[in-house]
Each structure stands twice: as C-alpha cells, then as structure tokens.
Amino acid sequence: VFRTLEPYEKADVDIDIIQLAPIAIYNFVSRDLMTDLPAPDEFDPENPPDSLVILSTGTDTTDLVITNGYRVWQRSIPIGGNHFTRQLTKELKLTFAKAEHLKRNARQAEDPKKVFQAMRSVFNDLVTEVQRSVNFFQSIDRQASIKGVVMLGNTTRLPGLQQYLGKNLGMEVIKFEKFNNLEGSAVVSSPAFKDNMPAFGVSYGLCLQGLNDSHLHTNLLPKEIITDRIVESKKPWAVAAVAALMLACSFNFFFHFIIWSG
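Residues numbered from 1 in each chain as written. Predicted model: local features only at pLDDT ≥ 70, side-chain atom pairs only at ≥ 80, totals over all residues. Heavy atoms only, no water.

Colleague: Quick question: what am I supposed to make of unusual backbone geometry here?
Modeller: For residues other than glycine, phi is negative in most cases, and the peptide bonds are mostly trans. A positive phi angle, near 60°, is found at Asp 12, a position not held by glycine. Structurally, the position occupied by Asp 12 is in the loop between helix H1 (2-10) and helix H2 (21-33). The exposure class of Asp 12 is exposed, given its relative accessible area of 67%. The phi dihedral of Lys 93 is positive, around 55°, even though this residue is not glycine. Within the element layout of this structure, Lys 93 appears in the loop between helix H3 (81-92) and helix H4 (96-104). On the basis of relative accessibility, which here comes to 71%, the residue Lys 93 falls in the exposed class. (Helix = DSSP H or I, 4+ residues; strand = E, 2+ residues; numbered from the N terminus. Buried < 20%, exposed > 50% of the residue type's maximum accessible area, 1.4 Å probe, protein only.)

Colleague: Got a minute to help me understand the side chain of Ser 133 in this structure?
Modeller: Within the secondary structure, Ser 133 is located in helix H5 (residues 112-140). Assessed through its relative accessible area of 2%, Ser 133 is described here as buried. With sequence-adjacent residues up to four places away left out, Ser 133 is seen in contact with Leu 64, Trp 73, Arg 75 and Ile 77. (Contact = heavy atoms within 4.5 Å.)

Colleague: Is there a simple way to explain the layout of surface pockets in this structure?
Modeller: To find leftover empty space, one rolls a probe the size of a water molecule over the atoms. Its boundaries defined by the atoms lining it, the largest pocket holds a volume of some 380 Å³. Contributing to the lining of the largest pocket are 15 residues, with Leu 33, Met 34, Leu 52, Lys 147 and Ile 174 lying nearest its centre. In terms of residue class, the lining of the largest pocket is made up of eight nonpolar, one polar and six charged. Size it by volume and the second largest pocket reaches roughly 300 Å³. As for the second largest pocket, its lining consists of 14 residues, of which Glu 100, Lys 103, Arg 104, Asn 154 and Thr 155 are closest to the centre. (1 Å grid on protein atoms, 1.4 Å probe; cavity = no way out; pocket = protein on both sides within 12 Å on 5 of 7 lines; lining within 4 Å. Points joined across faces, edges and corners; volume = space filled by probe spheres on them. Nonpolar A, V, L, I, M, F, W, Y, C, P; charged D, E, K, R; others polar.)

Colleague: I'm lost on the side chain of Ser 214 in this one. Help?
Modeller: Note that Ser 214 resides in the loop between helix H9 (201-210) and helix H10 (223-261). Of the residues examined, Ser 214 reaches a relative accessible area of 6% and is grouped as buried. Within the structure, Ser 214 has its side chain in polar contact with the backbone oxygen of Leu 216 (distance 2.9 Å). Setting aside residues no more than four positions away along its own chain, Ser 214 makes contact with Asn 27, Leu 208 and Gln 209. (Polar contact = N/O pair within 3.5 Å; in protein donor to acceptor, adjacent residues only side chain to side chain.)

By themselves, these observations are geometric and do not establish any function.
Structure (structure tokens):
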C-alpha cells in the first residue's frame, strides 16, 4: 500500500480511499445491477436471492466475484487480455503491437478462423478456471443459485469471448448495456463513454463508496496516514486557539498596565 501511495505523495495528491477491486465491483453490482433485492430485514438465508457471477477481465488478471447482494465471494484468476495477445505473438509469429491489433479486429482478419484457433488455448484456460471457481463456491454455499454471468472490462469486446464462455459454462451471459442509476446525459450518451463503459465498474464502485452510498465501506488506507491527516487538519485550529489566547493575554496585560500606571 505504501509503495502504491508513494507517487501520489510525491505529487502532493491525497488519497482518501484504498479499496480492493473485487469489493468495488461488488459495491457497483449490488447498488446498480441488483435493483430488486429484498430489504435487509426481509432477507432469508435459507432462500437467498439468485447470485450473479461477475468477471472483470483486466490486462493480466480477471477478478471473479459471485454475489447475491448480501454475500460476496471473490477470486483473482491469473488470466487477462494480454494472455490472448501473447498467445497470438507465439502462434502467429507477430510483434506484440500487431497481435494486439489483430486481437481487437479478429473478425476483419484475412483468416479469422486461424486467429481464433491461435487463441483457443487461452479461451479454454479461462473457462476451466471460471468453472473451477464456480464449482468451489457452490460446494461451500449450497443454497446459492447462479442466475448468470456479467462480464466487465474492455477485454469483453474480444470477438466470440462472451459467446464462448456462455456456451462452455452452461450459463446465461447477461449483457451489460448501461448503468441503471447513473445520470448525466452529456457523459452517459457520449460515444467515448459508451465504448469504454464495461471498464468503469471499479471506478463506479469507488465513487459510490466515496459518496457513502455503498454496501461495504472498508478502507485499506493505513492508520498512520489517517492520523497524520487528522493532526494536520487540526493545526490551523490549534494555531488560531493559541493566537486567540495570546491576544487575550495581551489585552489583559495592557489593561492591568493602564491601571498600574494610572
């Protein structure tokens, strides 16, 4: 944590919240996607709501989060978007930049089938890891019923990935099309926002926590930093209090001096 904070401290930027990406994803999903959850006092652990499997695929890892809105379970899978790119560089003898371009435009390639076959082993590895994780979760929570899979991250735009996962996992892939509780038409309707919307889940969850509108509020910011900030924030008041005291003493001395000299 201190190593991560170092560049911000050098730039004199204060970080208020440090959160695990899977918990931020949970805060986003439970607040924005699961809009029909029962009230907490109506929750029945023997008959819980259906759970969602959320796969947030990043550059090098995939965060797997399973939640019914009240319970959350997570695992980090060591497979990300770069694994598909590296597999293309290996199988097709391409540079990383060319492989990345080919991955993003696989359907426009001269031989799309060859491209997908080159990445097939990574597809299989990802499915295997997800299936293993879901099976383990269901073994420890036998009341859970999986409703479907939601995919996040820009890697979800990889042609054929969502269909392949849905078919091989035997689950419905629920298409993520919008943030249900996000307003601001100028931003939400912009092409750049729409193109990158699947990558904003973690940011959205962090924003909810910053606004005190999230289900989980844990914060990994070190206590030493919090204490230093509290002390720093009280310094102006301490200085003001000392200045007021000195001013009062000065008036008192001046008043007594006038009486004594008279």
